[in-house]
Each structure stands twice: as structure tokens, then as C-alpha cells.
Amino acid sequence: MEQPMIGDAFGEMIKDAYAVRTGIGPRPLAGGRLFRPVIEVIERDDGLINGAPADHYLDEPDAWQPHDHRALRRCRGHVLDIGVGAARIALELQRRGMAVTGLDTSAGAIEVARRRGLRDTVLSTVDGYARATARYDTFLLLGNNLGLLEGPERAPAFLEALSRLANPGARILAQGADPYGTRDPVHVGYHERNRARGRLGGQLRLRLRYRMVASDWFDYLNCSVDELEQLIDGTGWRLKSVDQKDRPYYLAVMEQVP
């Protein structure tokens, strides 16, 4: 069987989702003249396949989850939106007159963010950008992007990079999901499998597939609040507060240790 080409699967997906929503640019066809819906396909390392419409990455504020709105009320100063995607959050901050930079490793996502009007974008990893001279007061990890901490091995380096980009008193606003409320045997079994391998139960190993392209495999973290607190211990950041009004989703506020 042919294997998919490794590349910017997320970027290709976002570009097509943007074209379908706006009618601007080439759109994928489902045969004939009908436009095909853009579906995000996520493959987990145990063989589980999930798919969902990708259009939500372009949502305007009236379609957001309540925790997104509460997060924006906590933003202050110069904001770095990490994993900016199609810039749904960053564009709203920009509309409100805030200084916001969108960072992503996906060239396609950055292209769409710029086409949608985001003025300040960076194509880079967090580690690569940590050498920049810019400094920030708020770091955003919304849209479940707390997952970018990946796990115990990666989190300290990720948070150290943010420390190098931080103004005094900076905060991280991170939206995560507690994975342990499920009774689904597929997910419960995956948690047990992870723990047997010395990983956190919700430490996912994933790749994204879109049409003929796949991303490299990567870790993505779903964790409980207790696990998060343990994860950041000794990193120079501390958990200041947790908004759990939308369980199992939560909004964690982290601040630098003085």
C-alpha cells in the first residue's frame, strides 16, 4: 500500500477549509462540481482514527466555546498566540486593539492567518523563536493547545523557551482537557497502555492526515489539573488558577515564579 507523503498536512487542510468557506481559491471536489467538506483526520498510534470538520478553525466569536471568551478577558499587554492556526483568536484580539503575534510551525496556517488579516505572524517553533528580541505579557495556548507541552520530557524545555520571551509578570493562558472521565474502553485501554510504557495516561501519540499528505508523528498532551501542576513544578512557572466551568475542558492560568 502506498504511504502518504510527509508534509504540512495541517496547512493544506486549513487552506482548503478557508477556500471552501470564502469561495476564494481552488477547492477540493467530491467528483463533478460539488465541493467536498474538509475533514481533519487524526490517527493515534494504537490505530484509532478520528475525523471532524475542519471549518471550526475559522469560527468567529459567536461560535466559540464559553472558555474562549473568558480567556480573552484575561489577556493583557503584548500577546503571543502559540499554534495560531487560522488566527481565529488572534484576529479578535487585533480587532480589540491589542498587540498580538501569531506563531505556528505550519506554513499553510501562517499563509491563511495573513490572508485573513493578521498583521504580525511568525513561522517558527517556540524554541527557535525564543532567540528573538520580542517580549510578551501573555502567552496563549487555546484550542486545547495545552497539548503542545507534549509530556514530562518536553514540557520543561517548552516552558523555558517561554520564559526567555516573557516580560516580568507574564502569564500563560492554556486550555486543556481532562481525559479521565471517559468510560469508553478504547480510551481507558489507551490510558492503561500509556502508563504501562511509562507515559502519562493522556499523553497522545498522533499524526494528522489530509488527502495525500500526513504530518510526522508527534506527542500531544491531555492531562488532569493535578498532572499539570506536577508537570510544571520546578520550571519557573506556577499554576495560579484553574477555570473548570466547562468540564472536562479547563482554562489554566500560569504565572512566572518571582
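Rules and cut-offs
- Residues numbered from 1 in each chain as written.
- Predicted model: local features only at pLDDT ≥ 70, side-chain atom pairs only at ≥ 80, totals over all residues.
- Heavy atoms only, no water.
- Salt bridge = Lys/Arg side-chain N within 4 Å of Asp/Glu carboxyl O.
- Helix = DSSP H or I, 4+ residues; strand = E, 2+ residues; numbered from the N terminus.
- Buried < 20%, exposed > 50% of the residue type's maximum accessible area, 1.4 Å probe, protein only.
- Expected span 1.5 Å × (residues − 1).
- Contact = heavy atoms within 4.5 Å.
- Phe/Tyr/Trp six-rings, centres within 6.5 Å; stacked < 30°, edge-to-face > 60°.
- Lys NZ or Arg CZ within 6 Å of the ring centre and 35° of its normal.

Further remarks concern the pattern of salt bridges. This structure, assessed with the given rule, holds 22 salt bridges. With its nearest N and O atoms 3.4 Å apart, the salt bridge here joins Arg-95 to Glu-60. Here Arg-95 is found in helix 3 (residues 88-95), whereas its partner Glu-60 is found in the loop between strand 3 (49-53) and helix 2 (66-72), with 35 residues between them in sequence. On the basis of relative accessibility, which here comes to 32%, the residue Glu-60 falls in the partly exposed class. If you follow the salt bridges from partner to partner, you end up with Glu-60, Glu-92, Arg-95, Arg-96 and Arg-116 in one network.

Moving on, we come to helix 1 (residues 9-22). With 14 residues, helix 1 should reach 20 Å at 1.5 Å per residue; the first-to-last C-alpha distance of 20 Å fits that figure. Among all positions of helix 1, only Ala-9, Phe-10, Gly-11, Met-13, Ile-14, Asp-16, Ala-17, Tyr-18 and Ala-19 are buried. At its buried positions, helix 1 is contacted by strand 2 (39-44), helix 4 (107-115), strand 9 (203-210) and strand 10 (213-214).

Looking now at the packing of aromatic side chains. The relative placement of two aromatic rings is captured by the distance of their centres and the angle of their planes. The tally for this structure, following the rule as stated, stands at five aromatic pairs. With centroids separated by 6.3 Å and ring planes inclined at 80°, the aromatic side chains of Phe-139 and Trp-237 adopt a geometry described as edge-to-face. With Phe-139 in strand 7 (residues 136-141) and Trp-237 in strand 12 (residues 237-243), this pair connects stretches of sequence that are 98 residues apart. Neither residue differs from the other here; Phe-139 and Trp-237 are each classed as buried. A centroid spacing of 6.3 Å and a plane angle of 85° characterise the contact between Phe-218 and Tyr-220, whose relative ring orientation is edge-to-face. Owing to a relative accessible area of 31%, Phe-218 belongs among the partly exposed residues under this scheme. On the accessibility criterion, Tyr-220 (14% relative accessible area) is buried. Here the aromatic cluster, defined as three or more aromatic residues joined through ring pairs, consists of Tyr-129, Tyr-136, Phe-139 and Trp-237. The ring of Tyr-190 carries Arg-44 above its face, with NZ or CZ at 3.8 Å from the centroid. The lysine or arginine in question, Arg-88, covers the ring of Trp-64, its NZ or CZ lying 5.4 Å from the ring centre.

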